[in-house]
Each structure stands twice: as structure tokens, then as C-alpha cells.
Amino acid sequence: MAAIRFSVADPQKASAKRTQCAVLPVGNTLRLSDAGRALEKDSSGVLAAALKAGEFKGNVGETMLVHSPGTAERILLVGVGDGKLARDGYLKMSRTLARALLSSKASDAQMHMGSLKVNSSDWDWLCQRIATDLVYHGYRYALTLSNPKPAPALSRFVLLTADTALARRAKSALNRGSKAGTGINLARELANTPANYCTPEHLAKEARKLARGNDKASCKVLNEKTMAELGMHSLLSVTAGTATPAKLIVLEYKGGKRGDAPHVLVGKGITFDSGGISLKPGAKMDEMKFDMGGAASVLGTMQAVMDMALPLNIVAIIAAAENMPSGTATKPGDVVTSMAGITIEVLNTDAEGRLVLCDALTYAERFKPASVVDIATLTGACVVALGSHASGLYANDEKLAAQLLDAGTTSHDRAWRMPLWDDYQRQLDSNFADMGNIGGPGGGSVTAACFLSRFATKYNWAHLDIAGSAWDSAPKGATGRPVGLLTQYLCDRASAA
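Residues numbered from 1 in each chain as written. Predicted model: local features only at pLDDT ≥ 70, side-chain atom pairs only at ≥ 80, totals over all residues. Heavy atoms only, no water.

Student: Looking at this structure, I do not really get the environment of K216. What am I missing?
Tutor: Looking at the element boundaries, K216 is found in the loop between α7 (200–211) and β7 (217–222). When its relative accessible area of 39% is taken as the criterion, K216 is described as partly exposed. Taking the C-alpha atoms as reference points, K216 and I318, 102 residues apart in sequence, are found 19 Å from one another. Excluding anything up to four places from it in sequence, K216 contacts E252, Y253, K254 and G255. (Helix = DSSP H or I, 4+ residues; strand = E, 2+ residues; numbered from the N terminus. Buried < 20%, exposed > 50% of the residue type's maximum accessible area, 1.4 Å probe, protein only. Contact = heavy atoms within 4.5 Å.)

Student: Just to check I follow, could you spell out the sheet that holds strand β2 (residues 22–26) for this structure?
Tutor: Each strand in a sheet pairs with its neighbour through backbone hydrogen bonds, running either in the same direction (parallel) or in the opposite one (antiparallel). Read across the open sheet, the six strands follow the order β1-β6-β5-β2-β4-β3; overall the sheet is mixed. The two strands at the open ends of the sheet, each matched to only one other strand, are β1 (5–9) and β3 (63–67). Taken pair by pair, the neighbouring strands of this sheet meet at an average axis angle of 25°, ignoring direction. Bridge analysis of β1 against strand β6 (residues 156–160) gives five bridges, and the strand direction is parallel. Note on β6: the bridge partner recorded for A9 is L160. Strands in contact with helix α4 (residues 87–103) are β2, β3, β4 (74–79), β5 (108–112) and β6; relative to β4, the strand with the most contacts, it is inclined by about 155°. Strand contacts of helix α6 (residues 164–192): β1 and β6, with the helix running at about 170° to β1, the strand carrying the most contacts. (Pairing = 2+ DSSP bridges. Axes fitted to C-alpha atoms, helices over the stretch in contact; angles between N-to-C directions.)

Student: Explain the packing of aromatic side chains to me, please; I cannot follow it from the model alone.
Tutor: The description of two aromatic rings rests on the distance between their centres and on the angle between their planes. Scanning all chains against the criterion turns up five aromatic pairs. Residues F451 and F455 carry aromatic rings whose centres are separated by 5.5 Å and whose planes lie at 40° to one another, so their mutual orientation is tilted. Comparing F451 with F455 shows no difference in burial state: the two are buried. In this arrangement the basic side chain of R188 is found over the ring face of Y136, its NZ or CZ atom lying 3.8 Å from the centre. (Phe/Tyr/Trp six-rings, centres within 6.5 Å; stacked < 30°, edge-to-face > 60°. Lys NZ or Arg CZ within 6 Å of the ring centre and 35° of its normal.)

Student: Sorry if this is basic, but what is going on with the sheet that holds strand β12 (residues 343–345) here?
Tutor: Overall, mixed pairing links the three strands, which are arranged β11-β12-β16 in an open sheet. Looking along the sheet, the strands with just one partner apiece sit at the ends: β11 (335–337) and β16 (435–436). The pairing of β12 with β16 spans two bridges and is parallel. Bridge pairing links E345 to G436 in β16.

Student: Honestly, the nonpolar core in this entry has me stumped. Any pointers?
Tutor: Where a protein is soluble and globular, its nonpolar side chains tend to be buried together. By size, the foremost hydrophobic cluster in this structure holds 59 residues, and its most contacted members are M302, V373 and L464. With residues up to four places along the chain from it excluded, the contact list for M302 reads L210, L251, Y253, I314 and A316. L248, V264, I270 and A360 belong to the second largest nonpolar core, which has 51 residues in total. (Core = buried A, V, L, I, M, F, W, Y, C linked by side-chain atoms within 4.5 Å.)

Student: Help me understand the pairing of β4, please; the structure alone is not making it clear to me.
Tutor: A regular strand carries its side chains on alternate faces of the sheet. Across the six residues of β4, six count as buried, placing the element largely inside the fold. Of the two faces of β4, the one lined by R74, L76 and V78 and the one lined by I75, L77 and G79 are each fully buried. Bridge analysis of β2 against β4 gives five bridges, and the strand direction is parallel. What sits directly across from P25, in β4, is V78. Where β3 lies against β4, five bridges are found, and the strand directions are antiparallel. Residue H67 lies in a different strand from β4, and its bridge partner there is R74. Following β3, the chain reverses through six residues before pairing antiparallel with β4.

Following this line, the structure appears as C-alpha cells:
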């Protein structure tokens, strides 16, 4: 889909110009605003007849597309109920608006915001949300399809408000929302790409592409020889069974002040997870191309924040590898030594994400970070606990946990705090190494986080288990989560700074 151009205009100046679609919020009383009455008059009675027919009730999230002979070729009615909407109501309105508008043939649209009773505190949030939803719902996967679905026609969206102060705020919010949506869609595209295309090298190329042409960004990619020299034998144990080389991708963005501690994002990039010798069942194994959803979300977030030119220093670290069975693959019962010098008994080769992440978390120490957040499709146990609606959040710092939870609420990319108690640590005890890589059947998501916590003792750290939230099975496809949460978290840090 071509990028949508977002802008803001005065409704008096815009009303005389032709548009392919006018978007008009209407309440359940069906009373029209000044803009609505002007559109009704201009439509030669078509809008009045559509409302009189009674098919549109004005309920929150309801839409109706009316074809008009007037200046606006189409009028998209969007229900707003009693008009006193909380953010959940605006979210529903924004999503249905985006779907309805993008399914039309309109290439440009004007939205009359004067019809909405928006609190000043919600104004920026709503404008940002509308832009994000329009970009998000315009995504179409096409890479490996000979006859992909056509992209939506919409290429220009104008938000109309007569308030000059709100217009300035809207312009900034639309810009942020558009860039957040673009970052989410990059994550979706990478995760949707089949594993024979999206290899560790492919992720490395995407990271280099993000750094290219940006004088504040740089990218380096560590090969397996360099990783071995650094002692990353835990990470390398995962890639021992495949001919596809692993990569440790380090993308730095220096948008903040020189010397400011960076925020570090660490992504699990298992581009295909067969389970290794502990082979997964065949059913739904194709979905294991999504096991690099953490890496995809890190790259999507980096695109968003770099496009926004946030005044922060940010480092992305991606541990990219394939987990495959072969004669050279790591075996259950093998003991490997991590970069931190901790020995690990590999009790199950399908618990490989933590084996690549632990070395990446140790590598993050060299940046003396302000915070570290790792993102991983780590455990099926998290799906059992939380389903697909919330990502699991673990943290060793209360302030960092609260910041991430708040960012998830604002972006509606929500997380739920999970326990990280010492009581669970004993489940990782091993007779033959410093620790095992699994902790038994109980509390699997918790013990996986406990495993990672042992490698994150030198900084403020959080772990997002996105095994349930990173993709949908019906219809099958990546969600782009938690790019929204991470982007909002970093925007909040920039504002606080």
C-alpha cells in the first residue's frame, strides 16, 4: 500500500473542495452537526433519505456509506452513540472507521472532527489512534502471492478542525500515529514472511536497511566466529543443527545526548523453530516461522522511533538463528556455557529462545543501559495463562514495569504483570550444570522468565512474553505486537527526558 498522506485543515476552507469521501461522526439521536447539515444540503437530500430509512442507528462503531451527487462523492457515517465516549469507545469507532473507509474506493477523505465531543486530554490520543488504525488496516501481504489482494485506494486523509491550537496538536499526533502504524506493519511483514525467505541474514539486511541513510544510526552484525570468541556458546548451541548461520544483529540509534545511557531492546529471532531434537508435533509447525516475532517487533519499533526522530539513544540487539534437528544438533542432556560463564543443562532443545536471549542479555551489559526490555515468543505456557489479548510482563524493577504497563494501556497493546518470585527459581536446579533450561511443567512462562533474570542482574530489565499476542491463527497472520507498546514506552521516555 502506498503511504497515506495525513494533514489538517480548516473545515470552512475545505468544504468547497471536492472530496471522494467525507467522514461524519453521528450520534444515536441522529442529529447532525453544522458540518452534517451542510453535507445534507449539498447531497440534494440523499443523506436525509439514508438517515430516514432507519438502517443506521448511530451506535458506537456502526458505519454506513452513502453515495452523494454533491461535493463529497461519498459520505461515511460513523456512529458515536451518545457522544460521551471513553477511550474504549473511541477505539472501536476508529477501527470500524478505518475498515469501512479502506474498503471503499475513495482515494482521499476528509473527517469532520467538529461532530465529536472530545476532551482535550483525549484529543492527541484519538488523532494518533485514527492514523495508526488507517495505516494498520491498510496492510496487505503480497510477497509470495502471485495474485495478492489489491491495496486500498486511500492515499490522502485530511482531519478538519476550526480550532487552531487543536489543529497544531492534531498534525503532530497524526504524524506519530502514522509512523507507529508503519513500524507495526514492518513487524507484521517480517513475521509473515516464510522462513525460507526470512532467514537470520534477511533480518540482518533489514536492520542494515534501517540504518542506511540515517546519520544517527549504525548497524553491525556479528557472525558465529565472533560469537564463539565472545563465549556465546548458549546461543550457538541452538544453531548447531542447521546449515543456516546465526547472526547477532546490533542496531544503534543515537538520537539523544552524547553520553546518555541508551534504552536497549532485545529480540528473539528464531526464524524457524522445529524444536530441534525435541521435535515439535507436526500440527501447526508452519506457524513457527512466527517465532522471530520478538525480533520483528524490535525492528518495527526501531523504524517507528527513528522516523519520529525521538531524542533518545536506543540499541536494538537481535539474536537470530534457526532451530533444526540434524546429526550435529544439540542433544537433550548436553551442557553448554553461556557468555556470562553460567553452565546450562539443555533438558529440552525446544526451550531454545532463552538460550539465545541469555547471551544477548549479557552482551547488552556493555552499553551500560538505562533499561533493557527483551521481547520473545517464548512459551506456550503464557498462551495458556493469558490467551492472545495480553502479553506477559516480568520485570526486576517496579518503575520500569509500571512504565511498560502504562504504555500498553495507552496504545491498547496491553500487557499483564506476572510474578518473578524467588520461589520459582529452584525449579531450574540441575545436578549437572549451574541450571537447567526448563523448570518442569508448572509455571512454564514464569520459570522461563526466571531463567532470563539470572542474566539481567546488572541493569533494570523487563521481559515481554508475546507467544499469545504476536500472531493470530484464524485468520493466520502476524499482529505486529508489541510495537505499539514499545513505541509508546519510548515516546514517553522522550517526553520525560
